[in-house]
Amino acid sequence: MDEITLVTGANKGIGREIAAQLAALGHTVVIGARDAELGEKAAAELGVDSVVLDVTDPASATAAAARIEERYGRLDVLVNNAAVASPPGTDLARQSPSTADLGTLRTVFETNFFGVITVTNALLPLLRRSAVPRIVNVSSSAASLTRNAEPATPLPISAGYTPSKTALTSLTLQYARELRPDGILVNAVCPGFCATDLNGHRGFRTPAQGAVAAVRMATIPADGPTGTFVDDEGPVPW
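Residues numbered from 1 in each chain as written. Predicted model: local features only at pLDDT ≥ 70, side-chain atom pairs only at ≥ 80, totals over all residues. Heavy atoms only, no water.

Right, let's talk about the overall build of the protein chain for a bit. Scanning the protein chain from N- to C-terminus turns up seven helices and eight strands. Whereas a compact globule of 238 residues would reach a radius of gyration of roughly 18 Å, the protein chain reaches 17 Å, a difference of no more than 12%. Its C-alpha atoms give the protein chain principal-axis dimensions of about 50 × 40 × 30 Å. Out of the 238 residues belonging to the protein chain, those deemed buried represent 51%. Expressed as a percentage of contacts within the protein chain between residues at least 6 apart in sequence, the contacts between residues at least 24 apart total 68%. Carbon and sulfur atoms provide 55% of the accessible area of the protein chain, an area that totals close to 10900 Å². For the protein chain, the centre of its 19 positive side-chain charges and the centre of its 24 negative side-chain charges are spaced 3 Å apart. (Helix = DSSP H or I, 4+ residues; strand = E, 2+ residues; numbered from the N terminus. Rg over C-alpha atoms; globule rule 2.2 N^0.38 Å. Buried < 20%, exposed > 50% of the residue type's maximum accessible area, 1.4 Å probe, protein only. Contact = heavy atoms within 4.5 Å. Areas by Shrake-Rupley, 256 points an atom, 1.4 Å probe, with all protein chains shown as cover. Lys, Arg positive; Asp, Glu negative; His and termini not counted. Charge placed at Lys NZ, Arg CZ, Asp CG, Glu CD.)

Okay, here's the thing in structure tokens:
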């Protein structure tokens, strides 16, 4: 039986690679994209499906869930990949806590944290129809509290992106604890520092490499882990 998988923010970058790799493994993949044209173009190139999905808009998430239910009747895997480092026209370097613009921080959290809740809750009824439901949240080791507590760790100072991903990792644990009795596996992954639009293509890893950890967690069996934070080499410190 085909696995039905939704990947948010998947018309480009790491999300697109996650979609491509899961499709190659036999998943029936649905790309979630804010722009219908870009989503349809990427889906056509990958041979997958697409749905319009703005993770910051509850109505959009509800409509996307209805569309997936109409087409497939259930969802086996949800990959919450959509994220922003900073709003368009602003620089991540301007997110120092002492000088950060609150509107900028709220915009980042709206996508990276609240957007995950919005989409996950809209799709939970369809995930509950799966024999092996899985949720994968794409976080970042840059948000590791352990690593940030080390003064010598070369991480950017950011009151928006970094805390939003720390919050996402914590949220992953909360979902894992709540949904464990229902057999829904919820894990966070770090793709590593990949060259994507998110960082102005400054990363040293490829999007294909960044997709590996998410793909692994999207394909774990029913007795697989839940409530973990990993990259493609193993556990990431909290």
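Close approach of charged atoms lets side chains of opposite charge pair. In total, this model carries seven salt bridges according to the counting rule given. With its nearest N and O atoms 2.8 Å apart, the salt bridge here joins glutamate 45 to arginine 16. Linking glutamate 45 in helix α2 (residues 36–46) with arginine 16 in helix α1 (residues 13–24), this pair joins segments that are 29 residues apart in sequence. Owing to a relative accessible area of 24%, arginine 16 belongs among the partly exposed residues under this scheme. Here aspartate 182 and arginine 128 are joined by a salt bridge, their closest N and O atoms 2.8 Å apart. Of this pair, aspartate 182 sits in the loop between α6 (161–179) and β6 (185–189) while arginine 128 sits in the loop between α4 (102–127) and β5 (134–138), placing them 54 residues apart in sequence. (Salt bridge = Lys/Arg side-chain N within 4 Å of Asp/Glu carboxyl O.)

Before going further, it helps to spend a moment on the sheet that holds β5. The eight strands lie next to each other as β3-β2-β1-β4-β5-β6-β7-β8, forming an open sheet whose pairing is mixed. The open sheet has two free edges, formed respectively by β3 (49–52) and β8 (234–235), since each of these has just one partner strand. With three bridges joining them, strand β1 (residues 4–8) and strand β4 (residues 77–80) adopt parallel strand pairing. Looking across to β4, one finds that valine 7 is bridged to valine 79. The strands touched by helix α7 (residues 207–218) within the sheet are β4, β5, β6 and β7 (229–231), with β5 carrying the most contacts at an inclination of about 165°. (Pairing = 2+ DSSP bridges. Axes fitted to C-alpha atoms, helices over the stretch in contact; angles between N-to-C directions.)

Right, let's talk about the pairing of β1 for a bit. By the criterion of burial, β1 is predominantly enclosed, with five of the five residues buried. Alternating residues of β1 divide into Ile4, Leu6 and Thr8 and Thr5 and Val7, and every residue in both groups is buried. Across five bridges, the pairing between β1 and strand β2 (residues 28–33) is parallel. Note that in β2 the partner of valine 7 across the bridge is isoleucine 31.

One full turn of an α-helix is made of 3.6 residues, so residues set three or four places apart face in the same direction. With twelve residues, α7 extends 17 Å from end C-alpha to end C-alpha; this agrees with the ideal 16 Å at 1.5 Å per step. Turning to α7, its buried residues number three or more, namely Gly210, Ala211, Ala213, Ala214, Val215, Met217 and Ala218. Those residues of α7 hidden inside the fold are in contact with α1, β4, β5, β6 and β7. (Expected span 1.5 Å × (residues − 1).)

The next thing to look at is the packing of α4 against α6. Their axes nearest at 8 Å, the elements α4 and α6 cross at an angle of 20°. In terms of axis orientation, α4 runs roughly parallel to α6. In the crossing of α4 with α6, the sense of the turn from one axis to the other is right-handed. Only Tyr161, Pro163, Ser164, Lys165, Ala167, Leu168, Leu171, Tyr175 and Leu179 of α6 make contact with α4, whose side of the interface consists of Val108, Phe109, Asn112, Phe113, Val116, Ile117, Thr120, Asn121 and Leu124. In terms of residue class, the contact of α4 with α6 is made up of 13 nonpolar, four polar and one charged. (Parallel < 35°, antiparallel > 145°, perpendicular 65-115°, else oblique. Left-handed = near helix turned anticlockwise from the far one by under 90°. Nonpolar A, V, L, I, M, F, W, Y, C, P; charged D, E, K, R; others polar.)

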